[in-house]
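Single-letter residue listing:
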Amino acid sequence: DPQQTELATASKRKLRRFIVIDEVVDKLYGSKVREYFEENNVQHKILALPTTEETKSMELVLNILHEVQNFSLDRRTEPIIAIGGGVCLDIVGLAASLYRRRTPYIRVPTTLLSYVDASVGAKNGVNFLQCKNKLGGYTPPVASFLDRSFIQSIPRRHISNGLGEILKMALMKHKGLFDLLKNHGKHLLDTKFQSCNGFADHRDAALQTTRIAIETMLEELAPNLWEDDLDRLVDFGHLISPELEMRVLPSLMHGEAVNIDMAFMTYVAHARGLLGAEEREQILQCMRGLELPVWHSGCSWALIQRALQERLKHSGGQLRMPLPTGLGVADIFNDTSEETLERAYELWVKD
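Residues numbered from 1 in each chain as written. Predicted model: local features only at pLDDT ≥ 70, side-chain atom pairs only at ≥ 80, totals over all residues. Heavy atoms only, no water.

- The name given to the chain in an unreviewed UniProt entry is ARO1 protein, with Tychaedon coryphoeus as the source organism.

**Here we look at the packing of helix 6 (residues 156-173) against helix 7 (residues 175-191)**
So, step 1. Two elements in contact, helix 6 and helix 7, have axes separated by 8 Å at closest approach and are oriented at 170°. Here helix 6 is positioned roughly antiparallel relative to helix 7, judged by the angle of their axes. In this structure, helix 6 contributes Arg-156, Ile-159, Ser-160, Leu-163, Ile-166, Leu-167, Met-169, Ala-170, Leu-171 and Lys-173 to the contact, and helix 7 contributes Lys-175, Leu-177, Phe-178, Leu-181, Lys-186, Leu-189 and Asp-190.
So, step 2. By residue class, the composition of the contact of helix 6 with helix 7 is eleven nonpolar, one polar and five charged. (Axes fitted to C-alpha atoms, helices over the stretch in contact; angles between N-to-C directions. Helix = DSSP H or I, 4+ residues; strand = E, 2+ residues; numbered from the N terminus. Parallel < 35°, antiparallel > 145°, perpendicular 65-115°, else oblique. Contact = heavy atoms within 4.5 Å. Nonpolar A, V, L, I, M, F, W, Y, C, P; charged D, E, K, R; others polar.)

**Considerations on the nonpolar core**
So, step 1. With 70 residues, the main nonpolar core has Leu-167 and Phe-264 as its most contacted residues.
So, step 2. Ranked by the residues each element gives to this core, the list is headed by helix 10 (residues 254-271), at ten residues.
So, step 3. Lining this core are residues from two domains, each supplying at least three of them: domain 1 (13-152) and domain 2 (155-224 + 232-350).
So, step 4. Apart from the residues lying within four places of it in its own chain, the contact partners of Leu-167 are Phe-178, Leu-181, Asn-259, Met-262, Cys-286, Met-287 and Leu-290.
So, step 5. Membership of the second largest hydrophobic core comes to 25 residues, among which are Phe-18, Leu-47, Val-68 and Tyr-105. (Core = buried A, V, L, I, M, F, W, Y, C linked by side-chain atoms within 4.5 Å. Buried < 20%, exposed > 50% of the residue type's maximum accessible area, 1.4 Å probe, protein only. Domains from an automatic or database assignment.)

**A few points about the sheet that holds strand 2 (residues 43-49)**
So, step 1. Judged by pairing direction, the sheet is parallel, and its five strands sit side by side in the order 2-1-3-4-7 without closing on themselves. Both outer strands of the open sheet, strand 2 and strand 7 (143-144), are each paired with one neighbouring strand and no more.
So, step 2. Strand direction decides the pairing type here: strand 1 (residues 16-22) and strand 3 (residues 80-84), joined by four bridges, are parallel. Looking at strand 3, one finds that Ile-19 is bridged to Ile-81.
So, step 3. In this fold helix 2 (residues 23-39) packs onto strand 1, strand 2 and strand 3, with an angle of close to 160° to the strand it touches most, strand 1.
So, step 4. Across the face of the sheet, helix 3 (residues 58-71) comes into contact with strand 1, strand 2 and strand 3 while running at roughly 165° to strand 2. (Pairing = 2+ DSSP bridges.)

**Details of the packing of helix 9 (residues 241-248) against helix 12 (residues 301-314)**
So, step 1. Relative to each other, helix 9 and helix 12 sit at 125°, their axes nearing to 8 Å. Here helix 12 runs oblique to helix 9, going by the angle between their axes. Considering the relative orientation of helix 9 and helix 12, their crossing is right-handed. Each of Glu-243, Leu-244 and Arg-247 in helix 9 lies in contact with helix 12, whose residues at this interface are Leu-303, Arg-306, Ala-307 and Glu-310.
So, step 2. Grouping the amino acids of the contact of helix 9 with helix 12 by side-chain chemistry returns three nonpolar, no polar and four charged. (Left-handed = near helix turned anticlockwise from the far one by under 90°.)

**A closer look at helix 12**
So, step 1. The terminal C-alpha atoms of helix 12 lie 20 Å apart, and with 14 residues this matches the ideal 20 Å at 1.5 Å per residue to within 8%.
So, step 2. Listing the buried residues of helix 12 in full gives Trp-301, Leu-303, Ile-304, Ala-307, Leu-308 and Arg-311. Buried residues in helix 12, looked at end-on, bunch into an arc of 155°, giving them a common side.
So, step 3. Contacts made by the buried residues of helix 12 are with helix 9, helix 10, strand 8 (321-324) and helix 13 (338-350).
So, step 4. Phi turns positive one or two residues past the end of helix 12, at Gly-316, with a value near 65°. (Expected span 1.5 Å × (residues − 1). Arc of directions from axis to C-beta.)

**Comments concerning the packing of aromatic side chains**
So, step 1. Counting across every chain of the model gives seven aromatic pairs.
So, step 2. Ring geometry for Phe-264 versus Trp-348: centroids 5.2 Å apart, planes at 45°, classification tilted. Linking Phe-264 in helix 10 with Trp-348 in helix 13, this pair joins segments that are 84 residues apart in sequence.
So, step 3. Its relative accessible area of 0% is what places Phe-264 among the buried residues. (Phe/Tyr/Trp six-rings, centres within 6.5 Å; stacked < 30°, edge-to-face > 60°.)

**Regarding the state of the cysteines**
So, step 1. In this structure the tally under the stated criterion is zero disulfides.
So, step 2. Here Cys-299 is not cross-linked by a disulfide; its sulfur's nearest cysteine counterpart is in Cys-131, at 17 Å.
So, step 3. A relative accessible area of 1% means that Cys-299 is categorised as buried. (Disulfide = S-S within 2.5 Å.)

**Describing the domain arrangement of the chain**
So, step 1. Domain annotation of the chain identifies domain 1 (13-152) and domain 2 (155-224 + 232-350).
So, step 2. The partner domain 2 presents 28 residues to the 20 residues of domain 1 that form the contact.
So, step 3. Here domain 1 packs against domain 2, burying approximately 2000 Å² in sum over the two surfaces, 68% of which is carbon and sulfur.
So, step 4. Three residues stand out in domain 1 for area buried against domain 2, namely Leu-112, Leu-113 and Arg-148, and they jointly supply 31% of the buried area on that side.
So, step 5. Between domain 1 and domain 2 we count one salt bridge in total.
So, step 6. In this structure, the salt-bridge partner of Glu-245 is Lys-132, at a minimum N-O distance of 3.3 Å.
So, step 7. There are four residue pairs in polar contact (both at pLDDT 80 or more) connecting domain 1 and domain 2.
So, step 8. Of all elements in the fold, only helix 5 (112-118), strand 5 (123-128) and strand 6 (131-138) reach the threshold of two or more residues within the side of domain 1 that touches domain 2. (Buried area = accessible area lost by both parts, 1.4 Å probe. Salt bridge = Lys/Arg side-chain N within 4 Å of Asp/Glu carboxyl O. Polar contact = N/O pair within 3.5 Å; in protein donor to acceptor, adjacent residues only side chain to side chain.)

Below is the structure:
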């Protein structure tokens, strides 16, 4: 907004910013971040923290809030900036929502998963009593700044992890996105989602893939930002994965756990007659091509039953199970029998 820019530059008061950055990101980019604020004459406090699933707690939120209070932040004009992966963005979002009831914050995602998932939408939260995101709220950021150059410094497994959430949107809503992942998955992993000249066969697959993933996510989230409607296609891959992910920490990353859930649900869709054998194999082959796990020994039949019982408790007494009904099309089902689930599980384990 030109008027806001003019007011900000005309003000005699020095600009101030409070930044929370993941400690790994700080080692890689901290000097550039500091240089940026110094060159722009911004008084700043940078708080580097270990933001992982194991540290994603109210304790870390309170640590941030102590530092925010010491900084004497003005909640009307000084947004908190979060730079890091999804866990960092979630924790800072919750801290900002609590400070003075609501302080604006900005998300700067640095992993592929946070770029296409955590940067979009209003949710924030922390783990509690060994349950994933049990405490949290709905406070959207004032902005998300997306820069794919961050992704070039993350390990290959982390890129594969982000591809799990992109594949979710492809299977639920967009056959073209599925084809992009199937045809260009290895290239995206090899080039770490950087836009490269000289790859005519791949065009700009990285830009197309991330843009479609975010647009389809926004299509689903925007009309239902506070989840008043519990029938959500974006819950695909999130019925069993929260229980599995917390149970086997830290052996599975979020997108990997989501993919294992999606692999099982692909078998459920096949057992229900929604997917043919060829479509099922195309999905599993795409998952393997993206270097995602399609099974885990920790995903026992007992764990699946427990996870689905939890699902019933928190979704109005219905499973609200999103399932693919083809490639890039899906629906939500409440009538999947235990017999169908068990048959799908046995075939999944056997395969």
